[in-house]
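These are the residues of each chain, in order.
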Amino acid sequence: MSLSPALRPTTSIKVSAYLTLAIWCVFAAFPIFWISAMSLKAPIDAFSSNPFAVILGFETRRLGVGLSVIDLLWIGLALWGGWHVATRRLPRLVAGLAEVTGPVAAWALAVTGFAVAALLVAVVILPVLVLHADAWMGPLATPVMGVTGAHYRSVWVEFEFYRNFLNSLMITAGVVTVSLTVGTLAGFGLARCRARVAFWILIAALVFRALPHSVLVAGYLPAFINSSEILAPILGEAAPTLYGMPLPVIFVLVAINQPFTIWLLRSYFANIPPELDEAARVDGCTYFQAFRLVIVPVMWPGVITAGLFSFLLGYNDYLVTSLLLDAQNQTMVPGIASFFNRETTSTDQVRAVAAAVSITAPLFLLVMVFQKQIVSGLTAGAVKG
Amino acid sequence: MRLRTFFWFVGPSVALMLIFIAAPLVSVFVQSFYVTSPVLETVERETCAPGFLGEVCTTQTVTRPLLDADGRVVTETEFVGLQAYRSVLELDRTRAALADWDLQALLQIDFWKALRFTLVFTFVTLPIMLAVGLGLALAVNTVTERVKGPAIFLTLLPFIITPVIGALSIRWLFIGDGILTALIEWWLQRDVALFAQAWTIEILMMFYRIWHVAPFAFVVFYAALQTVNRDTLESALIDGANRWQRLRYVIIPHLAPLIVFLSLIHLMDSYRVFEEIVGFSAESHVISLQWITYDYLTPDDAGNRSISRASASAMLTMIGIVILLIWPLRRTWADYSRRET
C-alpha cells in the first residue's frame, strides 16, 4: 500500500518510533530474560547485585560447566532455527497437514511436534554439543559463561514438578476442548439469532465476565466439600466429593471463560456472511447441518484465537485451582507457591526461579507459533464487539 | 433462526453459566446470612496425677466439638442476619473512625484499606495502559515490515505470561539487593528497600500491571489502525490538519469504541487485582478486595474456612463492581440497541 508523500512519516517521527519500540522491547523482554539467566546460575551469582555476575556466572563457572564462545554460537543458532521454523516452516506444514486431518488436529500435531523437538534440542542435543564439542575447538573453547542445570534437575526430578505439569496439561486440555465445543455452538447461535433474548444473554455474559473469581469460589467451596451428601439422594452411594477433583475444576474454568469466548466467537461468526448458511438451508439442510457442513470449515481462525484465550485462562489460573484442588492434583502455578514460600535458603529461591521459567517456557513456544493468530483473530473478533 | 433451534445452540453454554456462575452467586448470597460452626459440648474432666501421699486430682471443664456416631464433627447452621457483614466491615471501628474524621484509622481497617487500594490501582493504571498501548500501536505502524514481526513477538510476551509468574519475575528484579534495586541505589546514592513499605509495593504492582496489560491494548489498537479510512486522512490533510490534529480528530474518534471496550475489560480485570499480592507476598502491607475473600476461604491453622465472612466480603466486592460498571454497561447497551434497530 503506497501512501501519498504528505502522509508518509517524517524522519524525526520514524526515529522516535524506532526509539520507543526499542525501549519498550527491552522493557518487555528484560524480566523474562533475566529470570532465565538467574535460573541457570549458582545462588551466589543468581542473587548477586553485580549484573555481570548474573549473566556470566563467575562462581558458577568455577563449580560447573562453562559455556565457551562457540557454545553460545550453538545456542544462538538453535534459537534462530526455532524462530525460523515457528514463523516460516510451521504455518506451511500446517496448511499441508490440514487438508488431510483438519486444521485443529494439524495445529495440535504441529505444536506438539514443535514442543517435543524444542525440548529435545534444549535438554539433549545442546548439552551434548556443549560438553563434547569443546575438545576440538581450541582457543575458542575457553569458557566465558558459567551455567548449571542443577536447579532444573532438582525441581523436576527431586520435587516431582512433572506431576504438576501433567495436572496442568490435563486441566488445560480439558478447558480448551470443552470451552470450544460449547462456545462455538453458542457463538454461532447468538450471531444468527435476531430475537431479544440473544441480546439479554450477551449482556448477562458481560456481567458474569466482571465477577471476581473469588466470589464464585466462595459459592463452590461448601458445595464441593459436601457434594457427596448433597448428591447422595440422586446418585446414592456413588456420589463423589467434588473437592480436589480435576473434572469439576475444568467445568468451573470453562464456565468462567464462557462469557469472553461467546462474545469473541459471536463477533467472528457475525462477520461470516449469513448467505453462506442460508444457501445451505435453501438446499434442505437443518441449521445443525448447515453449521457442520458450511460454517465449520471456515470458522478455524476465530476458533484458534478463542482456544488460545481458553488455554491462557486454564494454564495461568492460580485462584481457582489453588482453592479447589488438593495437593495431589495441584497444577503448576499454585505448585510454585510451595517453592517461593519456603525460601529458607537461597538455593530454594533459585529453585523457585527455575520452576517459574519452566512454567513460562511452554507459553514462550506458544507465542512463537501463534503470534499471527493472536493478532489477526483479535482483528476479526473481539475488537468489533 | 427459530427460538427452538437457538436454544439448542446456546443451551450447553447457558446451562454451564447458570450452574457455575448464577447458582454460586445465589448460594453466596444465602451463605452470607448463615454461620456454620461445630456444635460444642462442655464436659467436666478429672485429671489425676500421682503425688506424695496419694493422687492429686483436678477437675476442669473442657469445651470440645461434639462428634457423631461415625466420629465426624457435628455442625449446625444458624441464621445470623447481617453479622458477617458487620464483622467484615468492622462497623464499630469504622464508626469510631468516621466520628473522629480520622482517615488514617479508617484505612487501617482491612476492608476499607483493600477498597482504597483496589480503586486507586484500577484508576491509575487505566489511562497509562491506554496511552502506552496507543503509543506502541502508532510506533509499530510506522516501522518497516522486517522489524514488525520480532517487535510484536516481544510485545506479546508480558501479555501471555502467567500473572503470578510475571509478578514474581518483577519481584526478583527488585527484592533485597536485586539488580534493579542495586541500580536505583547506585543512582540515588542511598539505601532503598522497595518491599518494606506499602507505597513502593503499590507502585511496583501498578508498574507490573501496565507491563502485563499494555500489550493487549496494543494489539487491539494496532488491528484497528489498519482500518483507518485513508480518504478521510487525506481530506484532513488537504484541509490543512497537521499530524497532531489528524491523530486527534481522525484517528482517535475511529478508535473511540475500542477505548470504551478496553476500559471496560480493564475495569473488570484490575478490579479483581489479586495475583500481584500473591507474587509479591505483599499481604502484610497491601491487600485487595479479592484477596480478602481468598484469605477467608483459605483454611486457617485449625483447618477451618470462614465461609460466612468470605460470602459477605464476596457480596460486598460484587456490589462494588456493579456500581463501577453501570455507566460503561449502559453505554454498550445503547450502542448495541442502536445497531440492532
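The model shown is predicted, which means the values in this text are computed figures rather than measured ones.

A. Up close: the overall build of chain B. A count of helices and strands for chain B gives 14 helices and 4 strands. Relative to a compact globule of 341 residues, whose C-alpha radius of gyration would be 20 Å, chain B shows 28 Å and is clearly more extended. A principal-axis box enclosing the C-alpha atoms of chain B has dimensions of 110 × 70 × 45 Å. Counting over 341 residues, chain B shows a buried share of 48%. If you take every contact in chain B between residues at least 6 apart in sequence, the share linking residues at least 24 apart comes to 66%.

B. Fine view of the overall build of chain A. A tally of regular secondary structure across chain A gives 18 helices and 2 strands. Within chain A, counting contacts between residues at least 6 apart in sequence, those at least 24 apart form 75% of the total. When the accessible surface of chain A is summed, it comes to about 17,400 Å², and 70% of that surface belongs to carbon and sulfur atoms.

C. A look at the domain arrangement of chain A. Residues and elements named next belong to chain A. Examined at the domain level, chain A breaks down into domain 1 (64-148) and domain 2 (155-384). At the interface, 12 residues of domain 1 touch 8 residues of domain 2. Taking both partners together, domain 1 and domain 2 bury about 970 Å²; carbon and sulfur atoms supply 85% of that area. Our enumeration of links across domain 1 and domain 2 arrives at 0 salt bridges. Joining domain 1 to domain 2, the criterion identifies 0 residue pairs in polar contact (both at pLDDT 80 or more). Take the side of domain 1 that touches domain 2: its biggest share by element is 7 residues, from helix α6 (residues 103-132). When the residues that make up the side of domain 1 that touches domain 2 are grouped by side-chain class, the tally is 10 nonpolar, 2 polar and no charged.

D. Just the interface of chain B and chain A, in detail. Facing the 103 residues of chain B at the interface are 114 residues of chain A. When chain B packs against chain A, close to 9,600 Å² is buried across both sides, 79% of that on carbon and sulfur atoms. Taken together, the connections running from chain B to chain A amount to 1 salt bridge. Linking chain B to chain A there are 13 residue pairs in polar contact (both at pLDDT 80 or more). Examining the composition of the side of chain B that touches chain A, we find that 20 residues originate from one element, helix α1 (residues 3-31) of chain B, more than from any other. Of the residues belonging to the side of chain B that touches chain A, the class tally is 73 nonpolar, 17 polar and 13 charged.

E. Region of the structure containing the pattern of salt bridges. Under the criterion given, the structure shown has 4 salt bridges over all chains. Of the charged contacts, one joins B:Glu202 and B:Arg116 as a salt bridge, the two residues approaching to 2.8 Å between their closest N and O atoms. Placement of B:Glu202 in helix α9 (residues 198-225) and of B:Arg116 in helix α5 (residues 110-142) is noted, with a sequence separation of 86 residues between them. The exposure class of B:Arg116 is partly exposed, given its relative accessible area of 31%. Between B:Glu276 and B:Arg209 there is a salt bridge; the shortest N-O distance is 2.7 Å. Highlighted residues: B:Glu276 in helix α12 (residues 275-280) and B:Arg209 in helix α9, separated in sequence by 67 residues. Classification of B:Arg209 by relative accessible area gives buried; the value is 7%. Look at the salt bridges and you will find they share partners, linking A:Arg209, B:Asp269 and B:Arg272 into a network.

F. Main features of a positive patch on the surface. Among the surface-exposed residues, A:Arg88, A:Arg89, A:Arg92, A:Lys372 and B:Arg146 lie close enough to one another that they form a single positively charged patch. Sort the elements by how many residues they give to the positive patch and helix α5 (residues 69-101) of chain A lands first, with 3 residues. As for its placement among the helices and strands, A:Arg88 is situated in helix α5.

G. Up close: the pairing of strand β2 (residues 40-51) of chain B. All names here are of chain B. As paired elements, β2 and strand β3 (residues 54-65) share 12 bridges and run antiparallel to each other. When the sheet's bridge partners are listed, Pro50 is paired in β3 with Glu55. Linking β2 to β3, which pair antiparallel, is a turn of 2 residues; within it Leu53 sits at a positive phi near 60°.

H. Focus on the environment of B:Asn141. All names here are of chain B. The topology assignment puts Asn141 in helix α5. The exposure class of Asn141 is partly exposed, given its relative accessible area of 30%. Residues Asn141 and Leu204, 63 residues apart in the sequence, show an inter-C-alpha distance of 29 Å. Look past the residues within four positions of Asn141 in its chain and what remains in contact with it is Lys148, Tyr222, Leu225 and Gln226.

I. Representation of the packing of helix α7 (residues 163-174) of chain B against α9(B) in the model. Residue and element names in this part refer to chain B. Running from N to C, α7 and α9 point in directions that differ by 130°, and their axes come no closer than 10 Å. Considering their axes alone, α7 and α9 lie oblique with respect to each other. Taken as a pair, α7 and α9 cross one another with a handedness that is right-handed. Residues Pro163, Gly166, Ala167, Ser169, Ile170 and Phe174 of α7 form the contact with α9, whose own contacting residues are Leu204, Phe207, Tyr208, Trp211 and His212. A breakdown of the residues in the contact of α7 with α9 according to their chemical character gives 8 nonpolar, 3 polar and no charged.

J. Seen up close, the side chain of A:Ser179. All names here are of chain A. Tracing the chain through its elements places Ser179 in helix α8 (residues 161-192). Take Ser179: its relative accessible area is 0%, and that puts it in the buried class. A polar side-chain atom of Ser179 sits 3.1 Å from a polar atom in the side chain of Ser310.

K. Up close: a nonpolar patch on the surface. Residue and element names in this part refer to chain A. On the surface, a cluster of nonpolar side chains totalling about 620 Å² of accessible area is made up of Val116, Leu119, Leu120, Val123, Val124, Ile125 and Val128. Considering the arrangement of structural elements, one finds Leu119 in helix α6. Exposure remark for Leu119: the relative accessible area of 57% places this residue in the exposed category.

L. The packing of aromatic side chains, seen in detail. Residue and element names in this part refer to chain B. Counted by the stated rule, this structure contains 32 aromatic pairs over all chains. Between the aromatic rings of Phe111 and Trp112, the centroid separation amounts to 5.2 Å while the plane-to-plane angle is 85°, which identifies the pairing as edge-to-face. Accessibility expressed as a relative area gives 6% for Phe111, which makes it buried. In this structure Trp112 comes out as partly exposed when scored by relative accessible area, which is 24%.

M. Local environment of the environment of B:Phe216. Residue and element names in this part refer to chain B. Mapped onto the secondary structure, Phe216 falls in helix α9. Given a relative accessible area of 9%, Phe216 falls into the buried group. Between the C-alpha atoms of Phe216 and Leu130, which are 86 residues apart in sequence, the distance is 9.7 Å.

N. Quick peek at α5(B). For α5(B), built from 33 residues, the straight-helix expectation of 48 Å at 1.5 Å per residue is met to within 8% by its first-to-last C-alpha distance of 48 Å. The largest bend in α5(B) is about 25°, located at B:Thr125, with the proline B:Pro127 one to four residues further on.

O. Spatial organisation of the side chain of A:Ser39. Residue and element names in this part refer to chain A. Within the secondary structure, Ser39 sits in helix α1 (residues 11-39). Separated by 2.6 Å, the side chains of Ser39 and Tyr152 make a polar contact. Each residue touching Ser39, except ones within four places of it in the same chain, is listed here: Thr148, His151, Tyr152, Val350, Val353, Ala354 and Val357.

About the cut-offs
Residues numbered from 1 in each chain as written. Chains lettered and ligands numbered in written order. Predicted model: local features only at pLDDT ≥ 70, side-chain atom pairs only at ≥ 80, totals over all residues. Heavy atoms only, no water. Helix = DSSP H or I, 4+ residues; strand = E, 2+ residues; numbered from the N terminus. Rg over C-alpha atoms; globule rule 2.2 N^0.38 Å. Buried < 20%, exposed > 50% of the residue type's maximum accessible area, 1.4 Å probe, protein only. Contact = heavy atoms within 4.5 Å. Areas by Shrake-Rupley, 256 points an atom, 1.4 Å probe, with all protein chains shown as cover. Domains from an automatic or database assignment. Buried area = accessible area lost by both parts, 1.4 Å probe. Salt bridge = Lys/Arg side-chain N within 4 Å of Asp/Glu carboxyl O. Polar contact = N/O pair within 3.5 Å; in protein donor to acceptor, adjacent residues only side chain to side chain. Nonpolar A, V, L, I, M, F, W, Y, C, P; charged D, E, K, R; others polar. Patch = residues over 30% accessible without salt bridge, like charges linked within 9 Å, V, L, I, M, F, W, Y side chains within 5 Å. Lys, Arg positive; Asp, Glu negative; His and termini not counted. Charge placed at Lys NZ, Arg CZ, Asp CG, Glu CD. Pairing = 2+ DSSP bridges. Axes fitted to C-alpha atoms, helices over the stretch in contact; angles between N-to-C directions. Parallel < 35°, antiparallel > 145°, perpendicular 65-115°, else oblique. Left-handed = near helix turned anticlockwise from the far one by under 90°. Phe/Tyr/Trp six-rings, centres within 6.5 Å; stacked < 30°, edge-to-face > 60°. Expected span 1.5 Å × (residues − 1). Bend = angle between axes of the 7 residues up to and from the residue.

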